[in-house]
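# Tertiary structure, described
Residue strings, one per chain:
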Amino acid sequence: MLINKIKDQSIKIFQKTQNVWLAFFLILISFLTFSPTLKFNFVSWDDPLSLDYLLIRSIGWEGLQNIFSTVLNTTYTPLTILSYAVEYHFFKYKFFVYHLDNVLLHCAVVCLSYMLAIRLGLNRWTAFAAVLIFAVHPMKVESIAWITERKDMLYAALYLGAIHSYISFINNRHKLFYPLSIVLGLLSMLAKPMALSLPIILLLFDWYFKRLPIKKCLIEKIPYFLYILPLAYVTHSHNHSAVTIHENTLNALLICIWSFSFYLTKFFLPVTLVPIYAVPEPISLSNPVYLLSLALFCSTLWMVYRLYQHRWFMFCFMFYFASIFFLMRFDKMVNLGVVADRFIYLASLGLCLYLATHIEKYYLRSTRLKKMLLILGLIVLIITLIHKTIQQQNVWKTSANLWGHVVKHEPTIAIAHNNRGFSYIEAEQWDLAFNDFKKAIEILPTYAYAYSNIGSLYFLKEQYDLAIQYFNTTLSYDPKHAKSHNILGLIYEKKDKLD
């Protein structure tokens, strides 16, 4: 009896040691894969707004009040802004630190994802394969290489922490895990509003672990909704355009189906990844893009119908779908992405978990030769993903690289031409800048920023009358455009028109 106990204890210790080593390798591979970003600066897309802003200059009591009472860039993310403020306080603008923290947060998410896979009952090697695909997938680059998207990793780490605490609570570890889960969920919501799916995901875990009664499970989620709903409303009130519905019902459905299919397509075929994607035109079934999206959507529905009794499939699919559902769009938005790689950051874990278990099932019923080929194929897949991920990071190396990449693959996006033009101004390539601003206006005739940038060019060339013309056009579309008012004031000062 004693020998059996010692043997069982030894096996448990060995298993825990293996899990620690596998988690360590996942962290190491993740860190090395994204280490090129440590040499990057910031890019001219929200980074200046997030980092060169008075809001992060103080972490005193007044500074904290300002951080938690400000909606920056139409999204309420005070915890993320606070992380920038702490970095600025100690390191000012050493961008190595900002990028390092992004990579380390991703490593934390990877570790927590592996632990979650183990707690869900996966074999450690299956869990390792699932989380490795998750960790090095090219669609992660946007979240990690872009300093502004710190919120993706921060919310995901806290979100997974809330899930782990909840699992410990339902496993009768200790009642304190329940309030801990609520607090971590609140912090996750303060990092990024995408955490609003948390109570739905926790209900999914209740279903997966066959918890009863249902009424008790629902009551347990009330505290989460008490803070999630008002916090979600704060961001929603600043993003009315993001939740509009196309006036044409068929077009609205086609955009929604396309956005649903987009993420599945890019996850399984991450060939061309772009920071901003244009909605395919025309929005019609005559467009092959929408026909293929509809086919993929119907195939997914058919698969769900066929496998709805398979608990593991439904768990993985619903983890993915519930995490991404609130980002389904029904209308195209001017100069804003309807879809984005970063939106699938945590949701893709559900796809990775199911993919790995599917590979495991095939492996167990294969011959020895097929097993070797399968392992070889998996190694090739991981190497291919890592190679693509490292290549994709070059897009975020400089602002010029970023906007040049967008213009190359999505030439109909006005903001890409405008921002590339601004990069040309910094490089004093005036003619190239002027051409890009003109192209931005050609695509979007009401684009105030492009008119303002042309006005700035004429101001730098001391062609003040032309500058006034463009700044006035800017103000006709955006009367509160501060930069235009400011430079117009400088021009009138030079013309001695002081009033």
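Our structure's up above, just so we're on the same page.
What this report covers is the structure whose coordinates are included nearby. Throughout this document, residue positions are counted from 1 along each chain, in the order its sequence is written. Whole-chain, interface and lining totals are the exception, using all residues; otherwise, since this is a predicted model, local features are given only for residues with pLDDT of at least 70 and side-chain atom pairs are given and counted only at 80 or more. With hydrogens and water excluded, all non-hydrogen atoms of the structure serve as input to the side-chain values.

### Structural notes on the overall build of the protein
Broken down by element type, the protein carries 23 helices and zero strands. Taken over C-alpha atoms, the radius of gyration comes to 25 Å for the protein, in line with the 23 Å a tight globule of 499 residues would show. Considered along the principal axes of its C-alpha atoms, the protein spans approximately 100 × 60 × 45 Å. Burial classes: relative accessible area under 20% of the type maximum marks a residue as buried, over 50% as exposed, and values in between as partly exposed (1.4 Å probe, protein chains only). The buried share of the protein, taken over its 499 residues, is 51%. Numbering goes from the N terminus for both helices and strands, where a helix is a DSSP run of H or I of at least four residues and a strand is a run of E of at least two. C-alpha atoms define the radius of gyration, and 2.2 Å times the number of residues to the power 0.38 defines the globule rule.

### A word on the side chain of N453
Along the polypeptide, N453 turns up in helix α21 (residues 448-460). Not counting chain neighbours up to four residues away, the residues in contact with N453 comprise N418, F422, I425, F437 and K483. For this analysis, residues touch if any pair of their heavy atoms sits within 4.5 Å.

### Observations regarding the environment of W312
Summarising the element assignment, W312 is placed in helix α15 (residues 311-324). A relative accessible area of 15% places W312 in the buried class. In this structure W312 touches L120, L122, Y208, L353, Y354 and T357, once residues within four positions along its chain are discounted.

### Structural notes on the state of the cysteines
Count a disulfide wherever a pair of cysteine sulfur atoms falls within 2.5 Å. Using the criterion set out here, one finds zero disulfides in the structure. Of the cysteine sulfurs around C107, a residue in no disulfide, the closest is that of C111, at 9.3 Å. Free of any disulfide, C352 has its nearest neighbouring cysteine sulfur in C316, separated by 9.9 Å. On the basis of relative accessible area, C352 is assigned to the buried category, the value being 0%.

### Structural notes on the pattern of salt bridges
Whenever Lys or Arg places a side-chain nitrogen within 4 Å of a carboxyl oxygen from Asp or Glu, that contact is recorded as a salt bridge. Applying the stated criterion across every chain yields a total of 13 salt bridges. The closest approach of N and O atoms between E149 and K192, which form a salt bridge, is 3.7 Å. In this pair, E149 sits in the loop between α7 (141-145) and α8 (150-170) while K192 sits in the loop between α9 (177-191) and α10 (198-208), placing the two residues 43 residues apart along the sequence. Taking the relative accessible area as the measure of exposure, E149 reaches 3% and is therefore buried. Between R211 and E220 there is a salt bridge, and its shortest N-O distance comes to 2.9 Å. On the basis of relative accessibility, which here comes to 17%, the residue R211 falls in the buried class. Linked through salt bridges whose partners overlap, the residues forming this network are E142, E149, K151, D152, K192 and R342.

### Thoughts on the packing of helix α14 (residues 288-307) against α15
Viewed as axis vectors pointing N to C, α14 and α15 meet at an angle of 145°, and their least axial separation amounts to 9 Å. Across the interface between the two elements, T300, M303, V304 and L307 of α14 pack against F313, M314 and F317 of α15. When residues are sorted by character, Ala, Val, Leu, Ile, Met, Phe, Trp, Tyr, Cys and Pro go into the nonpolar class, Asp, Glu, Lys and Arg into the charged class, and all the rest, Gly among them, into the polar class. Class assignment for the residues of the contact of α14 with α15 results in six nonpolar, one polar and no charged. Fitted lines through C-alpha atoms give the axes, limited to the stretch in contact for helices. The angle between two N-to-C directions lies from 0 to 180 degrees.

### Let's talk about the side chain of H405
Here H405 is to be found in helix α18 (residues 399-409). The exposure class assigned to H405 is buried, which follows from its relative accessible area of 17%. Within 3.5 Å is the distance limit for a polar contact, defined as a pair of N or O atoms, with the added protein rule that one can donate a hydrogen and the other accept it, and that residues adjacent in sequence qualify only through two side-chain atoms. A distance of 2.8 Å separates the side chain of H405 from the backbone oxygen of L273, its partner in a polar contact. Ignoring sequence-local partners within four residues, the contact set of H405 consists of L273, V274, P275, Q392 and V395.

### Observations regarding the nonpolar core
If you look at the biggest cluster of nonpolar residues, it comprises 154 residues, and the most contacted ones within it are I163 and W396. Counting residues per element, this core draws most heavily on α8, which supplies 14 residues. Residues contacting W396, with those up to four places away along its chain left out, are F40, V43, W45, V141, E142, A145, W146, P275 and L402. Working definition of a nonpolar core: buried Ala, Val, Leu, Ile, Met, Phe, Trp, Tyr and Cys residues. They are joined through side-chain atoms within 4.5 Å.

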